[in-house]
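Observations on the three-dimensional arrangement
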Amino acid sequence: MVEVASQVGIGWQDELWIGRSASGGGGTVAWTQILGVETINTPEKVPEDIDVTHMQSPGSTRETIPGLLAVADWSQELQFWPEHPSQILLDTLAALNETGEKEDVMVEFVVGGLRRTYRGYVSSFAPQGSVGEKRMATLAMKIMDRITPDPRDPEEE
């Protein structure tokens, strides 16, 4: 199921989507486009080489474990419409995290026509004061890993 909320008609039509496992399971994902996104900076997930040291290593040498992925902090400014379903969804996911019951979701970024999907969770969703004519909010997420291949077939949209 794809629920198209809205697109801000700027530039290359950057989009942000949240995918949740549909009730009843079956591997289906319900996708919701997040309203109010103007431009997106995709998270940088560069694998780290973690230094590990063990005094009983041969020759007491320093060793590394290559390719470990750290959790990325990612945030997005967006326009705020408190009664819109996409923003009620974000507020609900943030409230789950605050109670310690976070829900892992899929996060899809479409930037300049390039689609990337990650697994993460909403850590906070906070409305802010207005900027001129706009009321803004900040969405903060923890991004855990990139999902490849992309779980959505472009022909289904």
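A few words on the overall build of the chain. When helices and strands are counted, the chain shows 1 helix and 9 strands. Reading the chain from its N end, one meets helices and strands in the order β-β-β-β-β-β-α-β-β-β. Within the chain, the proportion of its 157 residues that are buried is 34%.

All right, on to the nonpolar core then. In terms of nonpolar packing, the biggest core is built from 23 residues, with Leu16, Ile18, Trp74, Val107, Phe125, Leu139 and Met141 touching the most fellow members. When residues of this core are traced back to their parent elements, those giving at least two are strand E2 (15-21), strand E6 (72-79), helix H1 (85-98), strand E7 (105-111), strand E8 (114-131) and strand E9 (134-147). Each residue touching Val107, except ones within four places of it in the same chain, is listed here: Leu16, Trp17, Ile18, Arg116, Thr117, Tyr118, Met141 and Ile143. Residues Trp17, Trp31, Met106 and Val110 belong to the second largest nonpolar core, which totals 5 residues.

We now examine the packing of aromatic side chains. To describe a pair of aromatic rings, one takes the distance between the centres and the angle between the planes. As enumerated under the stated definition, the model contains 3 aromatic pairs in all. Ring centres of Trp74 and Phe109 lie 4.8 Å apart, and the angle between their planes is 75°; this geometry places the pair in the edge-to-face category. Linking Trp74 in strand E6 with Phe109 in strand E7, this pair joins segments that are 35 residues apart in sequence. Residue Trp74 is classed as buried on the basis of its relative accessible area of 5%.

Averaged over every residue, the pLDDT of the chain is 78; the share at 70 or more is 69%. Low pLDDT, under 50, characterises residues 1-11; the predicted model gives this stretch 27 contacts beyond four residues in sequence or across chains.

What follows concerns the side chain of Glu15. Structurally, Glu15 is set in strand E2. It turns out Glu15 is buried and unbridged, and the closest side chain with the opposite charge, Arg115, is 5.5 Å from it. Of note is the side chain of Glu15, whose polar atom sits 2.7 Å from the side chain of Trp17.

Another aspect to go through is H1. Between its terminal C-alpha atoms H1 stretches 20 Å, which fits the 20 Å expected from 14 residues at 1.5 Å a residue. Residues Ser86, Gln87, Leu89, Leu90, Leu93 and Ala94 constitute the buried set of H1. What you see down the axis of H1 is that its buried residues fit within an arc of 150°, all on one side. Just downstream of H1 lies Gly100, where phi reads positive at about 85°.

Once that is clear, we can look at the pairing of E2. Counting buried residues in E2 gives 5 out of 7 residues, a clear majority hidden from the surface. Summarising the sheet, E2 and E7 pair through 5 bridges and their orientation is antiparallel. Across the sheet, residue Leu16 finds its bridge partner in E7, namely Phe109. Where E2 and strand E3 (residues 29-33) come together, 5 bridges link them in antiparallel fashion. The partner of Ser21 across the bridge, within E3, is Val29.

What counts and how
- Residues numbered from 1 in each chain as written.
- Predicted model: local features only at pLDDT ≥ 70, side-chain atom pairs only at ≥ 80, totals over all residues.
- Heavy atoms only, no water.
- Helix = DSSP H or I, 4+ residues; strand = E, 2+ residues; numbered from the N terminus.
- Buried < 20%, exposed > 50% of the residue type's maximum accessible area, 1.4 Å probe, protein only.
- Core = buried A, V, L, I, M, F, W, Y, C linked by side-chain atoms within 4.5 Å.
- Contact = heavy atoms within 4.5 Å.
- Phe/Tyr/Trp six-rings, centres within 6.5 Å; stacked < 30°, edge-to-face > 60°.
- pLDDT = per-residue confidence, 0-100.
- Lys, Arg positive; Asp, Glu negative; His and termini not counted.
- Salt bridge = Lys/Arg side-chain N within 4 Å of Asp/Glu carboxyl O.
- Polar contact = N/O pair within 3.5 Å; in protein donor to acceptor, adjacent residues only side chain to side chain.
- Expected span 1.5 Å × (residues − 1).
- Arc of directions from axis to C-beta.
- Pairing = 2+ DSSP bridges.

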